[in-house]
Amino acid sequence: MNFTSSPFERMMKEKPRPQAPAKNRPPRGSACCGCSYWRGIGCVSCYKELLKAPAGGR
């Protein structure tokens with residue numbers, strides 16, 4: 001039963017569905033692009049460079 005002729009009345013009767021939060025990704029072309037450790041801010045040191053370094057030092 002509708003009380004008005006508004007097209008939004010049917011939408012307002014629907015139960016809200018929870019939505020997954022949007023993925024937070026770094027901007028394209030930035031140094032952090034593709035980094036799995038990025039959390040919304042730039043790192044103090046880049047983990048990508050540390051992971052590329054050969055194990056065992058020099």
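Structural notes, computed from the coordinates. (Residues numbered from 1 in each chain as written. Predicted model: local features only at pLDDT ≥ 70, side-chain atom pairs only at ≥ 80, totals over all residues. Heavy atoms only, no water.)

Moving on, we get to the overall build of the protein. A count of helices and strands for the protein gives 2 helices and 0 strands. A total of 58 residues make up the protein; the buried ones form 9% of that total. When the accessible area of the protein is evaluated, it comes to approximately 6,100 Å², of which 58% is carbon and sulfur surface. (Helix = DSSP H or I, 4+ residues; strand = E, 2+ residues; numbered from the N terminus. Buried < 20%, exposed > 50% of the residue type's maximum accessible area, 1.4 Å probe, protein only. Areas by Shrake-Rupley, 256 points an atom, 1.4 Å probe, with all protein chains shown as cover.)

The next thing to look at is a nonpolar patch on the surface. Judged by side-chain polarity, Phe8, Met11 and Met12 come together as a nonpolar surface patch covering roughly 370 Å² of accessible area. Secondary-structure assignment places Phe8 in the segment before helix H1 (9–13). (Patch = residues over 30% accessible without salt bridge, like charges linked within 9 Å, V, L, I, M, F, W, Y side chains within 5 Å. Salt bridge = Lys/Arg side-chain N within 4 Å of Asp/Glu carboxyl O.)

Here the focus is the environment of Pro26. One can find Pro26 in the loop between H1 and helix H2 (47–52). For the pair Pro26 and Arg39, spaced 13 residues apart in sequence, the C-alpha separation works out to 8.5 Å.

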